[in-house]
Amino acid sequence: MSTNRNKPVAAGAVPDPAASMPSGAGLAAVFAALGDPTRLKLVAVLCAGGAFSIAQLTATTDISRQGVTKHLQVLADAGVVRDVKAGRERRWQLEPARIEEARRTLESIGQQWDVALGKLKAFAESSQGSAIQPGGHAPAS
């Protein structure tokens, strides 16, 4: 983890994009876990709220109970879901804090892209104005 997240960037220095992102060494695991369509579908079901049993979650997919269990374990290892014992049954629910951390990271990346694209647009517009003379011709060399 970086210790200089709040240090100002010196003029002309290249800012560290990671400095404005939420910390979390496990975010790569979150994005990897969400990269699978079956796991993403399970997360969408869990987003509906409440805790669901393996049987309930299996009913939303076309894979076996064992397959759903393996997918849930990957999500749990990434911190996206957790299981709660309810008698002899395990019920699975979303870990909203982890999803929120991933959302904030994507939002931060999106803002960085907006800034970068704004700079590129300004550069292109300023370059275009100086490179094209009236009549649409480039300046003579």
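**Q** Any chance you could break down helix H4 (residues 65-77) for me, citing the residues and the numbers?
**A** Relative to the 18 Å expected for 13 residues at 1.5 Å per residue, H4 spans 18 Å between its end C-alpha atoms, a close match to the ideal helical length. Taken together, the buried positions of H4 are Gly67, Val68, His71, Leu72 and Leu75. Looking down the long axis of H4, one finds its buried residues gathered within 135 degrees of arc, a one-sided arrangement. Away from its buried face by more than 90 degrees, H4 exposes Gln66, Lys70 and Asp77. Where the residues of H4 are buried, they touch helix H1 (27-34), helix H2 (37-47), helix H3 (54-58), strand S2 (81-86) and strand S3 (89-94). Positive backbone phi, at 85 degrees, marks Gly79, one or two positions downstream of H4.

**Q** Provide a residue-level description of the sheet that holds S3, including the pertinent values.
**A** A sheet is described by the order of its strands in space; here three strands give the open sequence S1-S3-S2, paired in antiparallel fashion. At either margin of the open sheet sits one strand with a lone partner, and together these are strand S1 (52-53) and S2. Bridge count for S1 against S3 is two bridges, and the pairing is antiparallel. Opposite Ser53, over in S3, you have Arg91 as the bridge partner. Each of S1, S2 and S3 touches H2; the most contacted strand, S3, lies at about 90 degrees to it. Its contacts with the sheet place H4 against S2 and S3, and it is angled at close to 50 degrees to S3.

**Q** Lay out H2 with the relevant residues and their values.
**A** Within H2, the full set of buried residues consists of Arg39, Leu42, Val43, Val45 and Leu46. The buried side chains of H2 occupy one side of the element, clustering within an arc of 160 degrees when seen end-on. Among the residues of H2, the N-terminal cap falls to Asp36, whose side-chain oxygen and the backbone nitrogen of Thr38 are separated by 2.9 Å.

**Q** I'd love a proper account of the pairing of S3, names of residues and values included.
**A** Both S2 and S3 contribute to a ladder of six bridges, which runs antiparallel. Within the sheet, the bridge partner assigned to Ala86 lies in S3 and is Glu89. Here S2 hands over to S3 after two residues, with Gly87 in that stretch at a positive phi of 70 degrees.

**Q** Tell me about the pattern of salt bridges, residues and numbers included.
**A** Any two side chains of opposite charge can pair if their charged atoms end up close together. Per the stated rule, a full pass over the model turns up six salt bridges. Where Arg98 meets Glu101, a salt bridge forms, and the shortest distance between an N and an O atom there is 2.8 Å. Linking Arg98 with Glu101, this pair stays in helix H5 (residues 96-131), spanning three residues, or about one helical turn. Classification of Arg98 by relative accessible area gives buried; the value is 18%. Owing to a relative accessible area of 11%, Glu101 belongs among the buried residues under this scheme. Its salt-bridge partner being Arg103, residue Glu107 comes within 2.6 Å of it at the nearest N-O pair. Here the residue Glu107 and the residue Arg103 both occupy positions in helix H5, the gap between them amounting to four residues, near one helical turn. Here the residues in one salt-bridge network are Glu100, Arg103 and Glu107, joined through shared partners.

Calculation criteria
Residues numbered from 1 in each chain as written. Predicted model: local features only at pLDDT ≥ 70, side-chain atom pairs only at ≥ 80, totals over all residues. Heavy atoms only, no water. Helix = DSSP H or I, 4+ residues; strand = E, 2+ residues; numbered from the N terminus. Expected span 1.5 Å × (residues − 1). Buried < 20%, exposed > 50% of the residue type's maximum accessible area, 1.4 Å probe, protein only. Arc of directions from axis to C-beta. Contact = heavy atoms within 4.5 Å. Pairing = 2+ DSSP bridges. Axes fitted to C-alpha atoms, helices over the stretch in contact; angles between N-to-C directions. Polar contact = N/O pair within 3.5 Å; in protein donor to acceptor, adjacent residues only side chain to side chain. Salt bridge = Lys/Arg side-chain N within 4 Å of Asp/Glu carboxyl O.

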